[in-house]
Amino acid sequence: MSEHLRETRRRRTFAIVSHPDAGKTTLTEKLLLFGGAIQMAGSVKGRKAARHATSDWMALEKERGISVTSSVMQFPYEGRIVNLLDTPGHADFGEDTYRVLTAVDSALMVIDVAKGVEERTIKLMEVCRLRDTPIMSFINKLDREGKEPIDLLDEVERVLGIQCAPVTWPIGMGSRLKGVVHLITGEVHLYEPGRNFTRQDSTIFASIDDPGLEARIGANMLADLRDELELVQGASHPFDKDAYLAGRQTPVFFGSAVNNFGVQLLLDFFVEHAPSPKPRATTTREVSPDEETFSGFVFKIQANMDPQHRDRVAFLRVCSGRFDAGMKALQTRIGKEVKLANALTFMASDREIVETAYPGDVIGIHNHGTISIGDSFSVGEALNFTGIPNFAPELFRRARLRDPLKLKQLQKGLAQLSEEGATQFFRPLMSNDLILGAVGTLQFDVVAYRLKDEYGVDASFDQVQIATARWVHCDDAKKLEEFREKNAMNLALDAAGELVYLAPSRVNLQLAQERAPAVRFSATREHA
Ligand code: G4P
């Protein structure tokens, strides 16, 4: 096998999807510990603390710098290279969170055993569905009382519409938690207070028939366990790798992140079965990661620490070939060859200057606003990757200027900030309003803050009667014109000049769709 193939096949690039407080940060720390990046553990937690202080803008500013480094965490494990892409989750939840999911090959869903499937998990799963991303699940906080495991699987299947294949099964819960059974190997891993639960530091029985197990958990519990396992095996699906890879089935693990229990079983299974980098679609053809010529796309832009410099880091996912520091590549959108100097890599221990990167890796490129989300880079052949869309915002505000003379600056600021992708900016056809759309509320505060700080514009944001947005397309120019005339009140142009329907309510959207069957309403927009 060539070095390129070997490096590509051992990459695992994924993100964690969860509702806030399910345990994503804690699980991330434990995964990093297994990857040998011990010093990082504290800083993940520290960032979380800063994140809760949403109204403290100095903290936010400081955090911008930190979050560049922890946006991507790379660590080696069992001969694999794992890339964990952070999905901002608390107040900083936003379109970036969705778009990160377009740059991964698989995802890990964390569910709180007491809360089950929560609202944000549902949304994030919808995004995973767009590309049939394979998903593994970790049911967390088994050291506390929660829902019955079998009911939880049922809930996941029902609410998220994905088949569950339990790989581990809990023995007890809360104060009665005794361990987990691995349904594929048959091994029993005991839960004992004070352990670290690495393979070396666990009590493991080869099967539930091991006489030692009865001595540890008692005859009654063992009998209950046998009954339960019979029930589970009858009622659930066995792990089917093809179904997992197609996004139809999720392997499920049980554990307690804070106690590091059940985490290594998950990680071992993950590196073995999760997909290595997959082929990616472009406007002209599919690009295989096995190809030796470099290509990649930008899925996230982040303003850097120093606002005076308007310096930005573009996060590029490598799709094929090898990145070498200082190499030149064609930036397809502008049709120019650019030098990719000073790229950053994101080893979990620290941010470092990268020399080489392979498919599945993410590199950070410094630039001054010349790179946009969705930009493709390639060597030789011009390629344009698809599937890195804008997502319809879910929250809307009307920008209001305190000083009307600053309109030009406001427009410029909004346009530039929307290029970073955290917010979108719409101009209604029938008014001079400037409408801002976002997926998370914090973004409006960030925009107001940055408009003042970087553009000297004092603006505030008012509530506006818009529930959701859809990009509209129609192959029949006449019908589109008709639609445009009839619905001008609700139509706007986005920053790229594309036509968008801003629906005052969900019901209104439904009616508009019914009345114009020839018009396609899309909840995502591909970058041009
Ligand atoms: P998030 O990133 O998904 O938002 O969740 P995070 O890991 O921060 O966890 C949320 C809370 O749940 C934290 O408590 C964390 O300690 C706790 N937690 C995580 N895993 C487990 C677990 O397996 N069992 C139990 N019982 N709790 C768990 P906190 O009180 O918000 O913070 P802290 O002060 O305890 O760190």
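Positions within a chain are numbered from 1, following the residues in the order the chain's sequence is written. Given that this is a predicted model, residues contribute local features only at a pLDDT of at least 70 and side-chain atom pairs are listed and counted only at 80 or more, while totals for whole chains, interfaces and linings are drawn from all residues. Neither water nor hydrogens contribute to the side-chain values; these are computed over all heavy atoms in the structure.

Where an unreviewed UniProt entry is consulted, the protein chain appears under the name Peptide chain release factor 3, with the organism given as Pseudomarimonas salicorniae. UniProt positions are given in the numbering used here, feature names are shortened, and annotations may be inferred rather than shown by experiment. Recorded under Sequence similarities (unreviewed entry), the UniProt text for the protein chain is reproduced unchanged: "Belongs to the TRAFAC class translation factor GTPase superfamily. Classic translation factor GTPase family. PrfC subfamily." Quoted verbatim from the Function (unreviewed entry) field of the UniProt record, the comment on the protein chain reads "Increases the formation of ribosomal termination complexes and stimulates activities of RF-1 and RF-2. It binds guanine nucleotides and has strong preference for UGA stop codons. It may interact directly with the ribosome. The stimulation of RF-1 and RF-2 is significantly reduced by GTP and GDP, but not by GMP."

Engineer: Sorry if this is basic, but what is going on with the sheet that holds strand E10 (residues 204-205) here?
Structural biologist: Whenever strands of a sheet pair, they do so through backbone hydrogen bonds, lying parallel or antiparallel. For two strands to be treated as a pair, DSSP must find at least two bridges joining them. Put simply, DSSP marks the helices as runs of H or I at least four residues long and the strands as runs of E at least two long, and each gets a number from the N terminus on. Sheet architecture is open: four strands sit in the order E7-E8-E9-E10, paired in antiparallel fashion. Strands with a single pairing partner mark the edges of an open sheet, and in this sheet they are strand E7 (168-171) and E10.

Engineer: I would appreciate a short explanation of the sheet that holds strand E32 (residues 520-522) in the present structure.
Structural biologist: Strand order in the open sheet formed by eight strands is E28-E25-E27-E26-E30-E31-E29-E32, with antiparallel pairing between adjacent strands. Taken across any chain shown, the strands that pair with only one partner, and hence form the sheet edges, are strand E28 (459-463) and E32. Neighbour-to-neighbour, the strand axes of this sheet turn through a mean angle of 40°, independent of strand direction. Relative to strand E30 (residues 491-493), strand E26 (residues 423-428) is paired through two bridges, and the arrangement is antiparallel. Paired with Arg427 across the bridge in E30 is Leu493. With axes taken as lines fitted to C-alpha atoms, and helix axes fitted only over the stretch in contact, angles between N-to-C directions fall between 0 and 180 degrees.

Engineer: Which parts of the structure should I look at to understand a negative patch on the surface?
Structural biologist: Every patch collects residues that have over 30% relative accessible area and no salt bridge, joining them within 9 Å if they carry like charges and within 5 Å if they are nonpolar side chains (Val, Leu, Ile, Met, Phe, Trp, Tyr). Note on areas: Shrake-Rupley, 1.4 Å probe, and residue coverage restricted to the protein chains presented here. Basic side-chain nitrogens of Lys or Arg form a salt bridge, by our definition, when they fall within 4 Å of a carboxyl oxygen of Asp or Glu. Within this scheme the basic residues Lys and Arg register as positive and the acidic residues Asp and Glu register as negative, but His and the chain ends are omitted. Each charge is placed at NZ for Lys, CZ for Arg, CG for Asp and CD for Glu. Together, Asp476, Glu481, Glu482 and Glu485 give the surface a local cluster of negative charge. Of note, Asp476 is situated in the loop between strand E29 (468-473) and helix H14 (477-486).

Engineer: Can you walk me through helix H9 (residues 219-235) in this structure?
Structural biologist: Given 3.6 residues to a turn, an α-helix orients residues that are three or four positions apart in the same direction. The span one expects for a helix is its residue count, reduced by one, times 1.5 Å. Here H9 contains 17 residues, and its C-alpha end-to-end distance of 24 Å stays within 8% of the 24 Å for a straight helix at 1.5 Å per residue. Inspection of H9 places Met221, Leu222, Leu225, Leu229 and Val232 among the buried residues, and these make up the whole buried set. Summarising the axial view, the buried residues of H9 lie within an arc of 95°, below the 170-degree limit, and thus occupy one face. Residues of H9 that are exposed and angled more than 90 degrees away from the buried face: Asn220, Asp224, Asp227, Glu230, Leu231, Gly234 and Ala235. Here's how the labels work: a residue is buried when its accessible area is under 20% of the maximum for its type, exposed when over 50%, partly exposed in between, all with a 1.4 Å probe on protein chains only. Within this analysis, the arc is defined by the directions that extend from the helix axis to the C-beta atoms.

Engineer: Which parts of the structure should I look at to understand helix H11 (residues 263-273)?
Structural biologist: For H11, the tally of buried residues reaches nine of 11 residues, placing the bulk of the element in the interior. When H11 is considered as a whole, its buried residues turn out to be Val263, Gln264, Leu265, Leu266, Leu267, Phe269, Phe270, Val271 and His273.

Engineer: Looking at this structure, how should I read the packing of aromatic side chains?
Structural biologist: How two aromatic rings sit relative to each other is given by the distance of their centres and the angle of their planes. A pair of aromatic rings is counted whenever rings of Phe, Tyr or Trp (Trp by its six-membered ring) have centres within 6.5 Å, and the orientation is called stacked for planes under 30 degrees apart, edge-to-face for over 60 and tilted otherwise. If you walk through the whole model with that rule in mind, you get 17 aromatic pairs. Between Phe34 and Tyr77, the aromatic rings sit 6.4 Å apart at their centres with planes inclined by 75°, giving edge-to-face as the arrangement. Of this pair, Phe34 sits in helix H2 (residues 24-34) while Tyr77 is found in strand E2 (residues 72-77), placing the two residues 43 residues apart along the sequence. On the accessibility criterion, Tyr77 (5% relative accessible area) is buried. Ring plane angle 45° and centroid distance 6.2 Å describe the contact between Phe444 and Phe461, whose orientation is recorded as tilted. Of this pair, Phe444 sits in helix H13 (residues 442-455) while Phe461 sits in strand E28; the two residues are 17 residues apart in sequence, bridging distant segments of the chain.

Engineer: Looking at this model, I keep getting lost on the pattern of salt bridges. Mind explaining?
Structural biologist: Close approach of charged atoms allows side chains of opposite charge to pair. Here the structure, examined in full by the defined rule, presents 30 salt bridges. A salt bridge links Asp105 to Arg317; its shortest N-O distance comes to 3.0 Å. Here Asp105 is found in the loop between helix H5 (95-100) and strand E4 (106-112), whereas its partner Arg317 is found in strand E15 (residues 312-320), with 212 residues between them in sequence. The exposure classification of Asp105 matches that of Arg317, with both residues buried. Across the salt bridge formed by Arg450 and Glu420, the nearest N and O atoms sit 2.8 Å from each other. You can see Arg450 sitting in helix H13 and its partner Glu420 sitting in the loop between helix H12 (407-419) and E26, a full 30 residues away along the chain. Arg450 gets classed as buried once you look at its relative accessible area, which sits at 7%.

Engineer: It is not clear to me how the environment of Val271 should be interpreted in this structure. Could you clarify?
Structural biologist: When you line up the elements, Val271 lands in helix H11. Overall, the relative accessible area of 2% leaves Val271 in the buried class. For the pair formed by Val271 and Trp169, sequence separation is 102 residues and the distance between their alpha carbons is 20 Å.

Engineer: What exactly am I supposed to notice about unusual backbone geometry here?
Structural biologist: Residues other than glycine predominantly adopt negative phi, and peptide bonds predominantly adopt the trans conformation. Phi at Asp21 takes a positive value of approximately 75°, unusual for a residue other than glycine. Inspection of the secondary structure assignment puts Asp21 in the loop between strand E1 (11-18) and H2. A relative accessible area of 44% places Asp21 in the partly exposed class. Within the chain, Glu78 stands out as a residue other than glycine whose phi angle is a positive 50°. Here Glu78 lies in the loop between E2 and strand E3 (80-85).

Engineer: Would you mind going over the packing of H12 against H13 with me for this structure?
Structural biologist: When two helices pack together, their arrangement is captured by the angle between the axes and the distance separating the axes. Where H12 meets H13, the axes come as close as 10 Å, and the angle between the chain directions of the two elements is 120°. As the angle between them shows, H12 and H13 are arranged oblique. The chirality of how H12 crosses H13 is right-handed. Between H12 and H13, the residues in contact are Gln409, Leu410, Gly413, Leu414, Gln416 and Leu417 and Val447, Arg450, Leu451 and Tyr455, respectively. We call Asp, Glu, Lys and Arg charged. Ala, Val, Leu, Ile, Met, Phe, Trp, Tyr, Cys and Pro are nonpolar, and the rest, Gly among them, are polar. Broken down by class, the residue content of the contact of H12 with H13 amounts to six nonpolar, three polar and one charged. Here the angle decides the label: under 35 degrees means roughly parallel, over 145 means roughly antiparallel, 65 to 115 means roughly perpendicular, and every other value means oblique. Helix crossings get a hand from a simple test, with the near helix turned counterclockwise from the far one by less than a right angle marking a left-handed crossing and a clockwise turn marking a right-handed one. We call two residues in contact whenever any of their non-hydrogen atoms come within 4.5 Å of each other.

Engineer: Is there a simple way to think about the side chain of Asp86 in this case?
Structural biologist: Within the secondary structure, Asp86 is located in the loop between E3 and H5. N or O atoms closer than or at 3.5 Å make up a polar contact, with two conditions inside protein: a donor-capable atom paired with an acceptor-capable one, and, for residues adjacent in sequence, both atoms drawn from side chains. Polar side-chain contacts of Asp86 include one of 3.4 Å to the side chain of Lys24.

Engineer: Can you walk me through the side chain of Asn260 in this structure?
Structural biologist: In this structure, Asn260 sits in the loop between strand E11 (249-254) and H11. Overall, the relative accessible area of 4% leaves Asn260 in the buried class. Not counting the four nearest positions on each side in its chain, Asn260 is found in contact with Lys30, Phe34, Asn196 and Phe197.

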